[in-house]
Amino acid sequence: MQGKPTQREPAGETGQQSLLHGFVSPTRNLGATPAAPELPIARVLLDSPLPHLDRPFDYLVPADLDEDAVPGARVKVRFGGQELAGFITGRIDKADTSARLVPLGRVLSPQPVLAPQILALAEAVATRFSGTVHDVLRVAIPPRAARVDKEFTPKARAAAGAAAAGTAAATADDDGGTSGASAPADEAPASTDQALAGPEGSGPNPWARYPHGPRFLTHLAAGHSPRAVLSSLGGYGPGAWPEEIAAAVQATLLSGRGAVVVVPDAKDLTRLEAALSRRIGKDAFVRLTADDGATPRYRSFLQVVHGDVRVAIGTRSAAYAPVKDLGLAVIWDDADDLHAEQRAPYQHVRDVLLLRAAAEEAALLLASHSRSTEAQRLVATGWAAGIAAERATVRALAPRVLSTADSFNMERDPLAARARIPHAAWKAAQDGLTRGPVLVQVARTGFSPALSCQDCREPARCRACAGPLGLASRNGIPACRWCGRPEPVWSCGNCGSTSLRGSTAGAGRTAEELGRAFPSVPVISSAGDHVRTDVPDTPALVVATPGAEPVAAGGYAAAILLDGNAMMSRESLRAGEDTLRRWFSAAALVRPASDKGLVVVTADDTSNVGHLLRWDPAGAAERELELRRELGLPPAVRYAELTGSREALTAFLPRLDLPAETRVVGPAPLEDPPGPAPVHRDGQLGGSGGRYRTLLFFSYAAAPAVTSAMRAAKAAASAKRTGDPVYVRVDGTDVL
């Protein structure tokens, strides 16, 4: 049984009424249950992934549910003969039809978890990425915990407030009445200077090293909404990037507004939490991350909903935190692929915050050690201002960078091109260990992630699923990295040899080799499931994969960046950009050149290595963006990936009525890797051999028309339930 669709329902095929419309719900007797006296109609957004149901439906609010059926509440309703969950998006006085409406089934929770600004943001995200609002809200709103709901009832909140007031009064009496003279931890400082200076022991204002940094904080504290792209120099110590973000958040609180900060992973979140605790107090913000568990996450979410805190930090889902009067949205390291949602509609946090900042007229800060091409485009178009240190400051704070592939080092060490760890890298590690810890960055985790035949170099494959074989340890048994099947007796299908060799060395093998080379030095590994946040400032070799590098409080004495050629040889449009970003992130953890900090990079790509040598992330991003513009590739343009059978794509494309400037590439067969039948990212498209892909390239001006057309075509196909489905992914970061 379903309610009456509102006027948001698209016209045409997607606007057809259900054949069940008008029938009375068997769960309630309308004659015996009077409607609410005021605003008796509730508009409900169903919890359904079907594109043609992605709109609110009208339901009658019974009088006994009037108090709990508030906008944003979770409800259960009858639809199509079944009971579905949903959210109340609003209450109105009169429906658009004279037909008898189905009443609400029950209110699951009266908590207004779907705030109006978040609903508007979800609709904007769904429109931009040709998805459904339901899929966006699945990320934006955490699952309900009934026990936590009871903590936020009006009665429970009143009791908690009274208890807190009593505790504060008792503390004031114990302190002789002096405690009341100090401001609470969650209140903003009395002046802008306090926000700039930071707490005692935090060092000088970290924004002072940037020409326009203090002005950015001043604008935030004054209630303005500046937009900036920051190339951060702070990797460790008092001037690290968490301190920069914490200072920006504190300046925003001075204006009486709130802030949202999104970071890629738990390691970064831990560092940011520590910096904010020093700046604004640990009770002035909440964490929103699935790693904390369902109950703590939902409790923190409700604290934001009720306005108990004005700052929310976390991973991807924190971008939707319903902070009231949002003044600043921050994303750290926007080029990190962890910011991209892996479920439909595959939205990126950067784009979510761009939409939110524009809709709520909030400030926006994109901060990173490097600079993504998307961020550079914002600077190039004038939408955001670039903030970077002057060259003299960079030379004073950045480490010295040495390339083992330059002509000088190649003459001294002709075998450096063949060695995984050239002589210059060994020497840098040896010298650095006399002064402190040394970081060694490797491309992959594990011991030997890929094996090949010792004689003919043919990649070793599993006999069951044709997946790649790897070694977990030196004396381990080769096993498939796909299905996990061990291969104790292996023979090459090409030459018949039974000998294996490691094609690539992972973090485990690198740590073992370094441990033998430096037997008196501890070796610390940070990779895979064992990621460390920090290491002591004592001599040690720290082997880490990109993004898992722990922080040394005093900075690393040296860093060795290995496997550069392997990282840049990936079949990806962003291989060079991603590699340079990983280099900058690791190099920022090294002491400055004035303190003998040294970074050794082993790669042949002279252009990307040159940008690292000059410490010029903005120049690298500008060069990459210009190349993309010449080739008509993202982010100079936008694009969409359409995946499905050839027949489905052939039928789908004519419905779009694409602008003349749209460039269509395909359909082309989408090759699947050897092994088990693939499963689509939505978990719905299986099988192999029949998948095709079409790419659409279009301008930013034409994007609203193209994405809206794709969204409408998906809804029409879903309503008809005819033919094979076509899956749409817009601006995917790992497609090209």
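The shown structure was predicted, so the numbers you read here are calculated from the model rather than taken from an experiment. (Residues numbered from 1 in each chain as written. Predicted model: local features only at pLDDT ≥ 70, side-chain atom pairs only at ≥ 80, totals over all residues. Heavy atoms only, no water.)

Draft legend 1. Region of the structure containing the overall build of the chain. Check the secondary structure of the chain and you find 21 helices and 29 strands. For the chain, buried positions account for 52% of its 736 residues. At a minimum sequence separation of 6, the contacts of the chain that also span at least 24 residues come to 74%. Total accessible area on the chain is roughly 31,700 Å²; 52% of this is exposed by carbon and sulfur atoms. (Helix = DSSP H or I, 4+ residues; strand = E, 2+ residues; numbered from the N terminus. Buried < 20%, exposed > 50% of the residue type's maximum accessible area, 1.4 Å probe, protein only. Contact = heavy atoms within 4.5 Å. Areas by Shrake-Rupley, 256 points an atom, 1.4 Å probe, with all protein chains shown as cover.)

Draft legend 2. Spotlight on helix α11 (residues 373–380). If you check which residues of α11 are buried, you get T373, E374, A375, Q376 and L378. Residues of α11 that are buried in the fold lie against β7 (227–231), α10 (349–360), β12 (363–368), α17 (575–587) and α19 (617–631).

Draft legend 3. Just the side chain of R91, in detail. Here R91 shows up in strand β5 (residues 82–92). With relative accessibility at 16%, the residue R91 sits in the buried group. A polar contact of 2.7 Å, which involves the side chain of R91, links it to the backbone oxygen of L39. Engagement of the side chain of R91 in a polar contact is seen with the backbone oxygen of A69, the distance being 2.7 Å. Those residues within four positions of R91 in sequence are excluded, and the remaining contacts are A36, E38, L39, I41, A42, V61, D66, A69 and P71. (Polar contact = N/O pair within 3.5 Å; in protein donor to acceptor, adjacent residues only side chain to side chain.)

Draft legend 4. Main features of the sheet that holds strand β25 (residues 598–601). Strand order in the open sheet formed by six strands is β14-β25-β24-β15-β22-β20, and the pairing between neighbours is parallel. Both edges of this open sheet fall to β14 (400–403) and β20 (523–526), since each of them pairs with a single strand only. Pairs of neighbouring strands in the sheet enclose a mean axial angle of 20°, with direction left out of account. The sheet contact formed by β14 and β25 spans four bridges and is parallel. By the bridge assignment for β25, V401 is matched with V599. Lying on the sheet, α17 is in contact with β15 (438–441), β24 (558–561) and β25; it crosses β15 at an angle near 165°. (Pairing = 2+ DSSP bridges. Axes fitted to C-alpha atoms, helices over the stretch in contact; angles between N-to-C directions.)

Draft legend 5. Structural view of the nonpolar core. Membership of the largest hydrophobic core comes to 70 residues, with the highest contact counts inside it found for L137, Y320, L642 and M710. Ranked by residue count, the leading element in this core is helix α1 (residues 116–128), at six residues. If you look at the next biggest cluster of nonpolar residues, it comprises 69 residues, including W207, A259, V599 and A620. (Core = buried A, V, L, I, M, F, W, Y, C linked by side-chain atoms within 4.5 Å.)

Draft legend 6. Geometry of the confidence of the model for the chain. On average, residues of the chain score 85 in pLDDT, and 85% of them are at 70 or above. Scored below 50 in pLDDT, residues 177–190 shows 15 contacts in the model against residues more than four places distant or in partner chains. (pLDDT = per-residue confidence, 0-100.)

Draft legend 7. Representation of the sheet that holds strand β11 (residues 326–332) within the structure. Spatially, seven strands are ordered β9-β10-β8-β11-β12-β7-β13 in an open sheet, and the strand pairing comes out parallel. Edge positions in the open sheet fall to β9 (286–288) and β13 (385–387), since each of these has one partner strand only. Direction aside, neighbouring strands of the sheet carry axes that sit 20° apart on average. The sheet contact formed by strand β8 (residues 258–262) and β11 spans five bridges and is parallel. The residue bridging V261 from the neighbouring strand is V330, located in β11. Helix α8 (residues 266–280) contacts β8, β9, β10 (311–314) and β11 of the sheet and is inclined by roughly 155° relative to β10.

Draft legend 8. Looking closely at the packing of α17 against helix α18 (residues 606–614). Two elements in contact, α17 and α18, have axes separated by 10 Å at closest approach and are oriented at 25°. The angle between the axes of α17 and α18 places the two elements in the roughly parallel class. Relative to α18, α17 is oriented so that their crossing is right-handed. Two secondary-structure elements touch here, α17 through G576, L580, W583, F584 and A587 and α18 through N608, V609, H611 and L612. Split into classes, the residues belonging to the contact of α17 with α18 amount to six nonpolar, three polar and no charged. (Parallel < 35°, antiparallel > 145°, perpendicular 65-115°, else oblique. Left-handed = near helix turned anticlockwise from the far one by under 90°. Nonpolar A, V, L, I, M, F, W, Y, C, P; charged D, E, K, R; others polar.)

Draft legend 9. Structural detail: the pattern of salt bridges. Inspection of the entire model under this criterion finds 32 salt bridges. Between R299 and E151 there is a salt bridge whose closest N-O contact spans 2.9 Å. A residue pair is termed long-range when its members are at least 10 positions apart, and R299 in helix α9 (residues 294–305) and E151 in helix α3 (residues 146–151) qualify at 148 residues. The class of E151 is partly exposed, set by a relative accessible area of 33%. Of the charged contacts, one joins D336 and R581 as a salt bridge, the two residues approaching to 4.0 Å between their closest N and O atoms. Of this pair, D336 sits in the loop between β11 and α10 while R581 sits in helix α17, and the two are 245 residues apart along the sequence. (Salt bridge = Lys/Arg side-chain N within 4 Å of Asp/Glu carboxyl O.)

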